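Structural description and commentary
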Amino acid sequence: MDVELRQLRCLVAIVDEGGFTDAAIALGVSQAAVSRTLASLERSLGVRLLRRTSREVTPTGTGLRVVAHARRVLGEVDDLVREATSGHVRLRVGYAWSAIGRHTLAFQRRWADTHPETDLQLVRVNSATAGLAEGACDLAVVRRPLDDRRFGSAIVGLERRLCAIAADDPLARRRSIRLADISGRTLLIDRRTGTTTTELWPPDARPATAETHDVDDWLTVISTGRCVGMTAESTANQYPRPGIVYRPVRDAEPIAVRLAWWRDDPHPATQAAIELLTELYRQGADRLSSERKRL
């Protein structure tokens, strides 16, 4: 069975215009062509779609359902064409949990000032590639390497690892903690998108783990005190939550923040996004260093 878009457009036009003559005018074809196209669609489907009288044309019950589906199909095709032909006037940046933390607002504002011709959209997709493999974004902010040759990536900055703990936990009274302080706890992790694995600890001192797949669930469970979490500092900036405190883990390696893209089809604004994010992370590191020296 081969159903063509031109057949669906013809059916919708007949229904919208109220007849074959006006549908032919709307489509820019002859009335005979409209009749032939509809007849071929009905043969392909094996059902009658329209009732014809000398005064009117009305959909059958099946015809009404087919018309409704046809409208959705044609709408999706129109969206596909717009995406393919004008996608470069928009830059979609995907992220799984926390975008780019405290740099998120500055990134949006600076981009709007320096690249007004390209609309920036941040898209949250909780997948390993932050929506890149799924086609939901053009660039993705990821915090672990993508072991897939289809993707290129560049490190734009580093973030500290923080421990998320309930506000009434004894560890919350400390200014910072060590990995050993967590080894006896249950660590709540997201294996699909998270940055924390038990390999951060020696084999004989690894914490027990429980799993989650969403940042809101992660925060909710940690606030009860049943589990602790470890995450990039961007999560603390993006998700402050009553009942939860974040403390630096001073003996854990920082997390590299990467911007990833499709190697064979990079967005034209990729390099500009890399440069802007790299500058924002560098400026943030310089400010933090200056503050520490003053202290």
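A few points on the structure. (Residues numbered from 1 in each chain as written. Predicted model: local features only at pLDDT ≥ 70, side-chain atom pairs only at ≥ 80, totals over all residues. Heavy atoms only, no water.)

1. Thoughts on the sheet that holds strand β5 (residues 139-142)
Counted only if it meets this: Being paired, for any two strands, means DSSP has found at least two bridges between them. Secondary structure elements are defined from DSSP: runs of H or I of at least 4 residues count as helices, runs of E of at least 2 residues count as strands, and each element is numbered from the N terminus. Orientation is described by lines fitted to C-alpha atoms, with helices fitted over the stretch in contact, and by angles between N-to-C directions that extend from 0 to 180 degrees. Working rule for contacts: check all heavy atoms of both residues, and any pair within 4.5 Å makes them a contact.
In spatial order, the strands read β4-β3-β5-β12-β6; together these five strands make up an open sheet with mixed pairing. Every interior strand has two partners, whereas the edge strands, β4 (119-124) and β6 (151-159), have only one. Taken pair by pair, the neighbouring strands of this sheet meet at an average axis angle of 25°, ignoring direction. In terms of strand pairing, β6 meets strand β12 (residues 255-262) through eight bridges, oriented antiparallel. Within β12, the residue paired with Ile155 across the bridge is Arg258. Strands in contact with helix α5 (residues 104-114) are β3 (90-95) and β4; relative to β4, the strand with the most contacts, it is inclined by about 155°.

2. Quick look at the sheet that holds strand β7 (residues 161-166)
Taken together, three strands build an open sheet; the order of strands is β10-β7-β11 and the sheet is antiparallel. The open sheet has two edge strands, β10 (229-232) and β11 (244-248), and neither has a second partner. Across the sheet, the mean angle separating the axes of adjacent strands is 35° when strand polarity is ignored.

3. A word on the pairing of β5
Here is the rule: Exposure categories follow from relative accessible area, calculated using a 1.4 Å probe and restricted to protein chains: below 20% of the type maximum is buried, above 50% is exposed, and the middle band is partly exposed.
Along β5, one buried face is formed by Leu139 and Val141 and the opposite face, lined by Ala140 and Val142, is buried too. Relative to β5, β3 is paired through three bridges, and the arrangement is parallel. The partner of Gly94 across the bridge, within β5, is Ala140. Bridge count between β5 and β12: three bridges; the pairing is antiparallel. From the neighbouring strand, Ala140 faces β12, where its bridge partner is Ala260.

4. Points about empty space enclosed by the protein
The gaps left among the atoms become clear once a water-sized probe is rolled over them. Quick note on the threshold: Both site types are read off a 1 Å grid over the protein atoms alone. A 1.4 Å probe that fits but cannot get out defines a cavity, while an open set with protein on both sides within 12 Å along at least five of seven lines defines a pocket; lining residues have an atom within 4 Å of a point. Grid points are joined across faces, edges and corners, and a volume is the space filled by probe spheres set on the points. Any residue outside Ala, Val, Leu, Ile, Met, Phe, Trp, Tyr, Cys, Pro, Asp, Glu, Lys and Arg is labelled polar, Gly included; the first ten of those are nonpolar and the last four are charged.
According to the stated counting rule, one finds one cavity of 30 Å³ or more in the structure shown. Roughly 280 Å³ of volume is contained in the largest cavity. What lines the largest cavity is a set of 24 residues, and nearest its centre among them are Trp97, Arg143, Thr193, Gly194 and Thr195. For the lining of the largest cavity, the secondary structure elements donating two or more residues are β5, β8 (186-189) and β10. Looking at the lining of the largest cavity element by element, the count peaks at three residues for β10. The residue makeup of the lining of the largest cavity, split by class, is 13 nonpolar, eight polar and three charged.

5. Focus on the packing of helix α2 (residues 20-27) against helix α3 (residues 31-45)
What counts here: Should an angle fall under 35 degrees it is taken as roughly parallel, and over 145 as roughly antiparallel, whereas 65 to 115 is taken as roughly perpendicular and any remaining angle as oblique.
Contact geometry of α2 with α3 gives a least axis separation of 8 Å together with a crossing angle of 100°. If you check the angle between α2 and α3, you find them roughly perpendicular. Facing Phe20, Thr21, Ala23, Ala24 and Leu27 of α2, the residues of α3 in contact are Gln31, Val34, Ser35 and Leu38. Split into classes, the residues belonging to the contact of α2 with α3 amount to six nonpolar, three polar and no charged.

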